[in-house]
Amino acid sequence: MIKINNLFKRYKEQPLFNGLSLDITKGSIVAIIGPSGSGKSTLLRCINGLVAFQGGYISINGYVLHGFNEQSYNKADVEITVKNIRKKVGMVFQQFNLFPHMTVICNITEAPIHVLGISKAEAESDADSLLRKVYLEEKAYRYPDQLSGGEQQRVAIARAMAMKPEIILFDEPTSSLDPEMIDEVLSVIKELTHEGITIVIATHEMGFAKDISTEVVFLEKGKIVEHGSPKEVFCNPQSERTKTFLSRFVKIQ
Amino acid sequence: MKYKVFLIGIILLLQMFILLIPASFKNALAYQDTLEKIKNTGVLTWGFDAEGGAPYVFQDPKNPSKLIGFEVELVYAIARELGVKVQHFQNSWDSILLSLQRGDFDIALNGIEITPDRKQSVLFTRPYYVYTEQIVIRAFENRINSLDDLHGKKVGTLYNTVAKRMLDEMGDVNVSTYSGQVEPFKDLLLSRIDAVFVDFPIASYYAASNPQLRFIGQPVGEGYYGIAVRQEDNALAEKLNKIIEKLARDGELKEIYKRWGLWGSLQEKLFLHEGLLQRYAEMPPSISDRVPITITTFLPTLLKGALVTIGISILSMMLAVALGLFLTITRLYGNKWLQKISTAYIEIYRGTPLLIQLYILYYGLPNIGITLSAFAAAILGLGMNYAAYEAEIYRAGIEAIPKGQTEAAQSLGMSRRLTLKRIILPQALRVAIPPMTNDFIALFKDSSLVSVIAMVELTKSYSILAAASMNFFQLGIITALLYFGMSYPLSLYARRLEKKLRHNDQNK
Ligand SMILES: Nc1ncnc2c1ncn2[C@@H]1O[C@H](COP(=O)(O)OP(=O)(O)OP(=O)(O)O)[C@@H](O)[C@H]1O
Ligand SMILES: [Mg+2]
């Protein structure tokens, strides 16, 4: 479903990925863990074309994004490819990024109406059922600044779901939430795992990662240090780095 | 409540202002007798307006630092007779008598017609020139043969002149008033107006040699130019009278006028027969006395001017808002060339005076074949200038939107165009509304600048009325209050909006 092959990425002169490869199969739930600055966000952004990369390629359902230093890179194609990829790939951000000038329901229906060309009535009835799924049907006509952080993040999830994506990328969805709101968001994400959507989630919630994921990737300094089932990575890590990193969380659990 | 406090403040300020006036007035008039002063200092200070133009006083085209004209030669002849030097004092013609009264110079000599109302505020010498009014039309014009044919036509003339007053008294003439002498003839050639009606010397200088223009009709409205001095300067006036008489008698005046093509039977009548000189000086001019300016006559004029001001402001702001948006978008999202062009546009328009831009639009563009009406030039000029400022406001607004907004929109598959239209601009415009309102207030006041291109809006209405009535003070206060009454509500509105937006931000 997602094939990342020999990815090279550097910011200015600062190298991050030096030939990173990763395959994600359909329906899998991949947790990406690792210390701050290890490249989790960058990796997710490369997947949906928010960040361009120098070398290698990323293939999603047959749509291929090439690094812009590759010979096969073609600027005209990239726009179309990115457009197609974004129709399949949704994203939820750490900072929610709801549109502050629109009500909750308009936030959700905006892209279905204007990108997919769905009728307003249909988009709204879809939005209604999505809002029920994230337990916010009461708040449809509120503005984002009238919601709590947890509520805003649940709206953001509904907004991404409204595009009926095959893949959803979560970039630390609970990191800017107050502790008492984290669970309500995590439980909504957990429910999504039953819908057959492929999920890639960068997170610091180790318990949650262990609980819901089918695969765990431990990233450090742009390298995949460990990749396996949650059991393998959490209970029997191979590398020293993973052990030290995880040991910090074990105490908390 | 706040409004009341404000008004009381204004009234107190005005009262202080009024109390201060007499004091400063006396200071300016330190010398009791101006003739004495001229003799003691050896300097005759002469007030004129070189912008008024040829053939009176104007810059020598071959040597712009030098002034030439028949009045320059006359003043130098007078100074020679007085045995003193001439000091120049450039003063706007509209306020030349006011400056004379204030004591800025000793004499005002610049085609000033002797009229009864002017006689009430200054003292005139005997006439030094007999003028008539002349109709000038395009060479192939055949609808106009006399003064009567000007009814219903668009006629150009100069501010605060007898010619203007004659046209006004005809009632249904569509009068365009100018402050420079060149402009009416330019507009006549461009068919913006049908005829020009001005004092003969002006017509003679600008139109007589132009094959595209011709004179029509009998000379009408005979009147006299005199030298104006302050009311109390009887001695100076006496002395000047003697000098004019001498210059007339020994033929020097005739020489000067001949050189400028101004000598004719009329001047002959005035200067060559003994005794006549005195009689003409006492005769009232042929123009009927004007109605005095009272609140019933000036208020409608000012209100009409205010309406024009409002219309110009609104239309040019609409242009500025739309063009500004276009500039911002091309600057931020256009290709390299569009970006460069918009940036250059913004920098050039912000870095040059609006006044120059207006002159170029109205008087400069016809040189390359584009002739705009005054109204169109006013709106384009103001709108294009303010567009540069609006563009900067929008840019600041757009740049204030967090990057996450664009990323969220893009991750939902929205194109750049759609993101801009649906997500970025609506938020940026909300941020931009208070500064835009402030700009609108500024534009509203800047609209007074369009009076330079023959638009009679509020400020111009004021300056015409004030120059005609010499009542700069009260009319000025009333005009200022009109401006204030229109801009203050906008100000309040802008402040309320700002508060509201800040409040919204705090709620987040
Ligand atoms: N726009 C950028 N310009 C330059 N450097 C960047 C940019 N974004 C990220 N980086 C750098 O790339 C590296 C990886 O950043 P990234 O945000 O992908 O890490 P992360 O694993 O998501 O960290 P965190 O857990 O703090 O979110 C960091 O060293 C960061 O400083
Ligand atoms: Mg991150």
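For the structure, check the block above.
A quick note: this is a predicted structure, and the numbers were derived from the prediction, not measured. (Residues numbered from 1 in each chain as written. Chains lettered and ligands numbered in written order. Predicted model: local features only at pLDDT ≥ 70, side-chain atom pairs only at ≥ 80, totals over all residues. Heavy atoms only, no water.)

Asks: Hey, could you run me through the site of ligand 1 in this one?
Replies: Residues and elements named next belong to chain A. Taken together, Y11, L16, P35, S36, G37, S38, G39, K40, S41, T42, E172 and H204 make up the full set of residues adjacent to ligand 1. Between ligand 1 and T42, the relevant distance is 2.5 Å, taken from an oxygen atom to a side-chain nitrogen or oxygen of the residue. One of the side-chain nitrogen or oxygen atoms of E172 is found 2.9 Å away from an oxygen atom of ligand 1. In isolation ligand 1 exposes 630 Å². Once the protein is present, 59% of that is buried. Ranked by residue count, the leading element in the shell around ligand 1 is helix α1 (residues 40-47), at 3 residues. (Near = heavy atom within 4 Å. Polar contact = N/O pair within 3.5 Å; in protein donor to acceptor, adjacent residues only side chain to side chain. Areas by Shrake-Rupley, 256 points an atom, 1.4 Å probe, with all protein chains shown as cover. Helix = DSSP H or I, 4+ residues; strand = E, 2+ residues; numbered from the N terminus.)

Asks: Explanation requested: the sheet that holds strand β2 (residues 14-24) of chain A in the structure shown.
Replies: Adjacent strands of a sheet pair through backbone hydrogen bonds, lying either parallel or antiparallel. All names here are of chain A. Judged by pairing direction, the sheet is antiparallel, and its 4 strands sit side by side in the order β2-β1-β4-β5 without closing on themselves. The sheet terminates laterally at β2 and β5 (63-66), the two strands that pair on one side only. Averaged over neighbouring strand pairs, the angle between their axes works out to 20 degrees when direction is ignored. By the bridge criterion, 4 bridges tie strand β4 (residues 55-60) to β5 in an arrangement that is antiparallel. From the neighbouring strand, I60 faces β5, where its bridge partner is Y63. The sheet contacts of α1 involve β1 (2-11), β2, β4 and β5, and relative to β1 the element is tilted by about 120 degrees. (Pairing = 2+ DSSP bridges. Axes fitted to C-alpha atoms, helices over the stretch in contact; angles between N-to-C directions. Contact = heavy atoms within 4.5 Å.)

Asks: Help me understand the pattern of salt bridges in this model?
Replies: Pairing between side chains of opposite charge can happen when their charged atoms approach one another. All names here are of chain B. Tallied over the full model, the rule gives 33 salt bridges over all chains. A salt bridge links E245 to R126; its shortest N-O distance comes to 2.3 Å. In this pair, E245 is assigned in helix α9 (residues 234-249) and R126 in the loop between β6 (122-124) and β7 (129-138), connecting sequence segments 119 residues apart. A residue is classified by how much of its surface remains accessible, and E245, at 23% relative accessible area, is partly exposed. Its salt-bridge partner being E245, residue R249 comes within 2.4 Å of it at the nearest N-O pair. Linking R249 with E245, this pair stays in helix α9, spanning 4 residues, or about one helical turn. Judged by its relative accessible area of 51%, R249 falls in the exposed class. Salt bridges sharing partners connect three or more residues here, namely R331, E347, R350, E392, R395 and E399. (Salt bridge = Lys/Arg side-chain N within 4 Å of Asp/Glu carboxyl O. Buried < 20%, exposed > 50% of the residue type's maximum accessible area, 1.4 Å probe, protein only.)

Asks: Would you explain the sheet that holds strand β8 (residues 198-202) of chain A in this entry?
Replies: All names here are of chain A. Reading across from one edge, β6-β7-β8-β3-β9-β10 is the order of the 6 strands in this open sheet, with mixed pairing throughout. The sheet is open, and its two edges are formed by β6 (89-92) and β10 (223-228), each paired on a single side. Pairs of neighbouring strands in the sheet enclose a mean axial angle of 15 degrees, with direction left out of account. With 4 bridges connecting them, strand β3 (residues 29-33) and strand β9 (residues 215-220) associate as parallel partners. Bridge pairing in β9 links V30 to E215.

Asks: How do you make sense of the nonpolar core when you look at a structure like this?
Replies: Membership of the largest hydrophobic core comes to 86 residues, with the highest contact counts inside it found for W46, I78, Y128, F185 and Y257 of chain B. Sorting elements by how many residues they give to this core places helix α3 (residues 70-82) of chain B first, with 8 residues. Core analysis: the next-biggest nonpolar cluster, separate from the first, contains 48 residues, I2, I4, I85 and M163 of chain A among them. (Core = buried A, V, L, I, M, F, W, Y, C linked by side-chain atoms within 4.5 Å.)

Asks: I would appreciate a short explanation of the interface of chain B and chain A in the present structure.
Replies: Many structure descriptions define interface size as the accessible area lost when the parts assemble. Each partner contributes to the interface: chain B provides 19 residues, whereas chain A provides 21 residues. Of the roughly 1,800 Å² buried between chain B and chain A, counting both surfaces, carbon and sulfur atoms make up 61%. In this structure, R422 of chain B and E110 of chain A form a salt bridge, with 2.7 Å as the shortest nitrogen-oxygen distance. At the junction of chain B and chain A, the tally comes to 7 residue pairs in polar contact (both at pLDDT 80 or more). Of all the elements in the fold, those that place two or more residues in the side of chain B that touches chain A are α17 (403-411), α18 (416-446) and α20 (472-507) of chain B. At 7 residues, α17 of chain B tops the list of elements feeding residues into the side of chain B that touches chain A. The residue inventory of the side of chain B that touches chain A, partitioned by class, reads 7 nonpolar, 8 polar and 4 charged. (Buried area = accessible area lost by both parts, 1.4 Å probe. Nonpolar A, V, L, I, M, F, W, Y, C, P; charged D, E, K, R; others polar.)

Asks: So what exactly am I meant to see when it comes to the packing of α3 of chain B against α9 of chain B here?
Replies: Working note: a packed helix pair is described by the angle between its axes plus the distance between those axes. All names here are of chain B. It is at 10 Å that the axes of α3 and α9 come closest, and there the two elements cross at 110 degrees. Judged on the interaxial angle alone, α9 and α3 are roughly perpendicular. By crossing handedness, the relation of α3 to α9 is classed as right-handed. Where α3 approaches α9, its residues L74, A77, I78, R80, E81 and L82 are matched on the opposing element by K239, L240, I243, K246 and L247. (Parallel < 35°, antiparallel > 145°, perpendicular 65-115°, else oblique. Left-handed = near helix turned anticlockwise from the far one by under 90°.)

Asks: What am I meant to see in empty space enclosed by the protein here?
Replies: Over the atoms rolls a probe the size of a water molecule, and in doing so it shows where empty space is left. All names here are of chain A. One pass over the full model with this rule turns up 1 cavity of 30 Å³ or more. Taken as a whole, the largest cavity holds about 40 Å³ of empty space. Of all the secondary-structure elements, those providing two or more residues to the lining of the largest cavity are α3 (104-116) and α4 (120-133). Per-element tally for the lining of the largest cavity: the top contributor is α3, with 3 residues. Residues of the lining of the largest cavity, tallied by class, amount to 5 nonpolar, 1 polar and 2 charged. (1 Å grid on protein atoms, 1.4 Å probe; cavity = no way out; pocket = protein on both sides within 12 Å on 5 of 7 lines; lining within 4 Å. Points joined across faces, edges and corners; volume = space filled by probe spheres on them.)

Asks: I keep staring at the packing of aromatic side chains and nothing clicks. Help me out?
Replies: In this description, a pair of aromatic rings is defined by centroid distance and the angle of the planes. In this structure the tally under the stated criterion is 24 aromatic pairs over all chains. A ring pair is formed by Y128 of chain B and Y225 of chain B, whose centres lie 6.2 Å apart and whose planes are at 40 degrees; its orientation type is tilted. Here the residue Y128 of chain B occupies a position in the loop between β6 and β7, and Y225 of chain B occupies one in strand β11 (residues 213-225), the gap between them amounting to 97 residues. Each ring, one from F444 of chain B and one from Y483 of chain B, has its centre 5.8 Å from the other, and the planes form 75 degrees; the classification is edge-to-face. Taken together, the residues F444 of chain B in helix α18 and Y483 of chain B in helix α20 connect sequence positions 39 residues apart. Joined through ring pairs, the aromatic side chains of Y56, F70, Y128, Y129, Y131, Y225, Y257 and W263 of chain B make up one cluster. Taking the ring centre of Y11 of chain A as reference, the NZ or CZ of K9 of chain A above it sits at 4.5 Å. If you follow R159 of chain A out to its NZ or CZ, it ends over the ring of F99 of chain A, 4.6 Å from the centre. (Phe/Tyr/Trp six-rings, centres within 6.5 Å; stacked < 30°, edge-to-face > 60°. Lys NZ or Arg CZ within 6 Å of the ring centre and 35° of its normal.)

Keep in mind that these numbers describe shape and distance, not what the molecule does.
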